[in-house]
Amino acid sequence: MGMGTSEVALQVLSQGTLPHHICSSICLSSPYPTSSSIIQCKNKKSLGYASNHRIQHHRVVSFRNVSFNQPRFPICQCQRDDDVGSISDGGNGAWFKSEGKTSQILGEVNGKNVIGFDEFQQLKLEQKVPTFSSDKLPEVGKVNHSSHRSSSTSLEDEAWRLLRESMVYYCGTPCGTIAANDPSDSNMLNYDQVFIRDFIPSGIAFLLKGEYDIVRNFILHTLQLQSWEKTMDCHSPGQGLMPASFKVRTIPLDGDESATEDVLDPDFGEAAIGRVAPVDSGLWWIILLRAYGKSSGDLSVQERVDVQTGIKMILRLCLADGFDMFPTLLVTDGSCMIDRRMGIHGHPLEIQALFYSALLCAREMLAAEDGSADLIRALNNRLVALSFHIREYYWVDMKKLNEIYRYKTEEYSYDAVNKFNIYPDQVSPWLVEWMPNKGGYLIGNLQPAHMDFRFFSLGNLWSVVSSLATRDQCHAILDLIEAKWSDLVAGMPLKICYPALEGQEWRIITGSDPKNTPWSYHNGGSWPTLLWQLSVACIKMNRPEIAERAVMEAEKRLSKDKWPEYYDTKRARFIGKQARLYQTWSIAGYLVAKLLLTKPESATILMNDEDAELVNAFYCMIDANPRRKRGRKKQSYIV
């Protein structure tokens, strides 16, 4: 498949007002997303029976100045008072159950068996992925005695208990997990909200455990919060944008003290520090949607009209034409996991890896219909251009460093070798000494006259998982992690980036951010939640011993340190100075890593195999003469 010329006419959604659906169960049964920013579920408690749910459409501003007196984690039971006993009395976070009945809200998930093994068998034939258990530990620091297995099991039990206690309920059913659940912290800020990116490891953990309802609920509830209306000003979220987070509020109804309502209140970044819109939320949502279908076997969710529409809206938002000439996705600083000012504006690797993965997942799930033809054509063109661009221009190893060191500058021509006018003096002394002879990685960012040579863990790991990197590059990334173990893993997996910004560079780039001091938070801090991405990448490349070694390192401290959000210092010796304890994605990341290493074939729900047509197109572009003159024919994307 070539990257030939294509004049893509992206479909524009109608600007008319969508119908407001009123249903007797919940708005999720509606085939169309609501145009509302807040979703409400009413519940009259004193009548002795479950009243019908009415979905009202309000702007979020109508509630912003109201003072609510409600529990921190409200539960709207939405059923008969005498049925309260059907709720498990396991404490905060217990599942809502009603034996012998179909769920009032969403119904039973069809298909209880985990599927996706057909795809795995094919993968197993191609890559010879081994089957091993969690107590087969790596050679380095190998421990086989029963005491370690016992302590590991105890740690997993504790993690599951904490994860369930972090669950949030909407109208009696679980819909997500809060960011952190530290009972000793009275100043929660927005850590008591359900963040899309934070819920991903929680959702994967529940999928691997065979508990699908919470993930299904999360997918459909966040879909209802997606920005639907076309905006005419710069103070509203763009059409198709997914919120960064949402909060479930339980508020009393006006004039009726016996009735309350559950409210889903989304945040699109307008309340976030820095007021930055979350670009990665929609990409993670698509990845989780595919994982849900492959794990549960319930493909009816991704086939729904409203879900198909939601996928298309995210794609149109990301594939929209703009002033950028590269196939990468242009974003501002702080729009992804690294949500503070860290000099990653432009084309950060993390966003490109998630973008590529989301495009592949969306192409797999989009229904074949005439209305999707142009979108799929644009998607395919972008995949080819994006894979070539990242593999060719973002890759660095000793060979590439030698090329950059001898670059000529100020080359004005279509066939320039130094296309981005990179100055050789940008190759920092730390990199020359740090780069191993065996191994390499994808740099953090590429812009005109600037290469960000920092190693960013999530972007590199997800490039392996999504097959954005070539197979040789994937192995080289893992080689580098092994070679630089003391720098990237040290006392706690895993450095979010390396090295940290220090001195005058830190003051200029971060704005002297007191939270992002060197080797802290997003500036070289260590984040346990990255364990699960490391595990998927290692399993895919048939090198699980790397992840097992990292998990063993984490198990020494996570529980003792009360599951912190991140660690400080170059060797991760201190708990982060502003780190939240009992951070949910630290807990979930550990659980997912353990579950995947115990049953590696289940990692296929997250992997993207390399597409044969993309590979052929990529090598055709590589084999072509790089100094050929550009023809008059218009190109869809410049790579």
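Here the structure is a predicted model, which means the values were calculated and not measured.

Student: Would you mind showing me how to read the sheet that holds strand 9 (residues 450-456) here?
Tutor: Hydrogen bonding along the main chain pairs the strands of a sheet, whether they run parallel or antiparallel. The strand order 7-8-9-10 describes an open sheet built from four strands, whose pairing is antiparallel. Here the strands that pair on one side only, and so sit at the sheet edges, are strand 7 (395-396) and strand 10 (497-498). Pairing between strand 8 (residues 441-447) and strand 9: four bridges, direction antiparallel. The residue bridging Q447 from the neighbouring strand is H450, located in strand 9. Relative to strand 8, helix 9 (residues 373-393) is tilted by about 105 degrees, and along the sheet it contacts strand 7, strand 8 and strand 9.

Student: What am I meant to see in unusual backbone geometry here?
Tutor: It is generally the case that most residues other than glycine have a negative phi and that most peptide bonds are trans. Of note, the bond from P493 into L494 is cis; its omega dihedral lies within 30 degrees of zero at 10 degrees. Inspection of the secondary structure puts L494 in the loop between helix 14 (485-488) and strand 10. Across the junction of Y498 and P499, the peptide omega takes the value -5 degrees, indicating a cis bond. One non-glycine residue, K562, lies in positive phi territory at about 65 degrees. With respect to the secondary-structure elements, K562 resides in the loop between helix 17 (544-555) and strand 11 (567-568). A positive phi angle, near 55 degrees, is found at A572, a position not held by glycine. Assignment of secondary structure puts A572 in the loop between strand 11 and strand 12 (574-575).

Student: Would you explain the nonpolar core in this entry?
Tutor: Soluble globular proteins: nonpolar side chains tend toward being buried together. Ranked by size, the top nonpolar core spans 160 residues in total, and within it W285, I311, Y441 and F453 carry the most contacts. Sorting elements by how many residues they give to this core places helix 8 (residues 349-365) first, with twelve residues. Contact partners of F453, with chain neighbours within four places excluded, come to V396, L401, I404, Q426, V427, W430, L431, Y441 and I443. With five residues, the next largest nonpolar core counts A179, A180, M188 and Y191 among its residues.

Student: Would you explain the pairing of strand 3 (residues 173-177) in this entry?
Tutor: Each regular strand shows side chains that alternate between the opposite faces of the sheet. The buried count for strand 3 comes to five of five residues, which makes it a mostly enclosed element. Relative to strand 3, strand 2 (residues 167-170) runs antiparallel, the two being bridged by four bridges. When the sheet's bridge partners are listed, Y169 is paired in strand 3 with P174. Once strand 2 ends, the chain turns through two residues before running back antiparallel as strand 3, passing C171 with a positive phi of about 55 degrees.

Student: Explain the packing of aromatic side chains to me, please; I cannot follow it from the model alone.
Tutor: Given two aromatic rings, one states the distance between the centres and the angle between the planes to describe the pair. Taken as a whole and judged by the stated rule, the model has 20 aromatic pairs. Ring plane angle 55 degrees and centroid distance 6.0 Å describe the contact between W160 and F206, whose orientation is recorded as tilted. Highlighted residues: W160 in helix 2 (residues 146-165) and F206 in helix 3 (residues 196-208), separated in sequence by 46 residues. One exposure class covers both W160 and F206, and it is buried.

Student: What is the right way to look at the environment of R290 in this model?
Tutor: Relative to the elements of secondary structure, R290 occurs in helix 5 (residues 280-296). Remark: the alpha-carbon pair of R290 and A362, spanning 72 residues in sequence, is separated by 8.0 Å. Setting aside chain neighbours within four positions, we find R290 in contact with C361, E364, M365, T604, I605, L606, M607 and N608. In terms of polar contacts, R290 uses its side chain to reach the side chain of E364, at 3.0 Å.

Student: So what exactly am I meant to see when it comes to the side chain of D198 here?
Tutor: Mapping D198 onto the fold places it in helix 3. Of the buried charged residues, D198 lacks a salt bridge, with R197 as the closest side chain of opposite charge at 5.0 Å. If near-sequence neighbours (up to four positions away) are discounted, D198 is found in contact with A179, Q583 and W585.

Student: When you look at helix 9 in this model, what are you seeing that I'm missing?
Tutor: For an α-helix, 3.6 residues make a turn, and residues three or four places apart therefore share a direction. For helix 9, which comprises 21 residues, the first-to-last C-alpha distance of 30 Å matches the rise-based estimate of 30 Å (1.5 Å per residue) to within 8%. Burial runs high along helix 9: 16 of the 21 residues are buried.

Student: Would you mind showing me how to read the environment of G525 here?
Tutor: Along the chain, the position of G525 falls in the loop between helix 15 (503-510) and helix 16 (531-540). Accessibility expressed as a relative area gives 0% for G525, which makes it buried. Each C-alpha atom, one on G525 and one on L494, is 8.2 Å from the other, the two residues being 31 residues apart in sequence. Among all residues touching G525, those that are not within four sequence positions of it are L494, K495, I496, W519, S520 and Y567.

Student: Help me understand the pairing of strand 5 (residues 245-253) in this model?
Tutor: Of all the nine residues making up strand 5, seven are buried; the element is thus mostly covered by neighbouring parts of the structure. Pairing of strand 4 (residues 194-195) with strand 5 involves two bridges; the strand directions are antiparallel. Bridge pairing links F195 to S245 in strand 5.

Student: Explain the packing of helix 3 against helix 4 (residues 213-225) to me, please; I cannot follow it from the model alone.
Tutor: The relative placement of two packed helices comes down to the angle between their axes together with the axis-to-axis distance. Contact pair helix 3 / helix 4: the axes reach a minimum separation of 9 Å and the direction vectors enclose 150 degrees. By the angle between their axes, helix 3 is roughly antiparallel relative to helix 4. Of the residues in helix 4, those touching helix 3 at I196, F199, G203, F206 and L207 are I214, V215, F218 and T222. Looking at the contact of helix 3 with helix 4 residue by residue, the class counts come to seven nonpolar, two polar and no charged.

Calculation rules
Residues numbered from 1 in each chain as written. Predicted model: local features only at pLDDT ≥ 70, side-chain atom pairs only at ≥ 80, totals over all residues. Heavy atoms only, no water. Pairing = 2+ DSSP bridges. Helix = DSSP H or I, 4+ residues; strand = E, 2+ residues; numbered from the N terminus. Contact = heavy atoms within 4.5 Å. Axes fitted to C-alpha atoms, helices over the stretch in contact; angles between N-to-C directions. Core = buried A, V, L, I, M, F, W, Y, C linked by side-chain atoms within 4.5 Å. Buried < 20%, exposed > 50% of the residue type's maximum accessible area, 1.4 Å probe, protein only. Phe/Tyr/Trp six-rings, centres within 6.5 Å; stacked < 30°, edge-to-face > 60°. Polar contact = N/O pair within 3.5 Å; in protein donor to acceptor, adjacent residues only side chain to side chain. Lys, Arg positive; Asp, Glu negative; His and termini not counted. Salt bridge = Lys/Arg side-chain N within 4 Å of Asp/Glu carboxyl O. Expected span 1.5 Å × (residues − 1). Parallel < 35°, antiparallel > 145°, perpendicular 65-115°, else oblique. Nonpolar A, V, L, I, M, F, W, Y, C, P; charged D, E, K, R; others polar.

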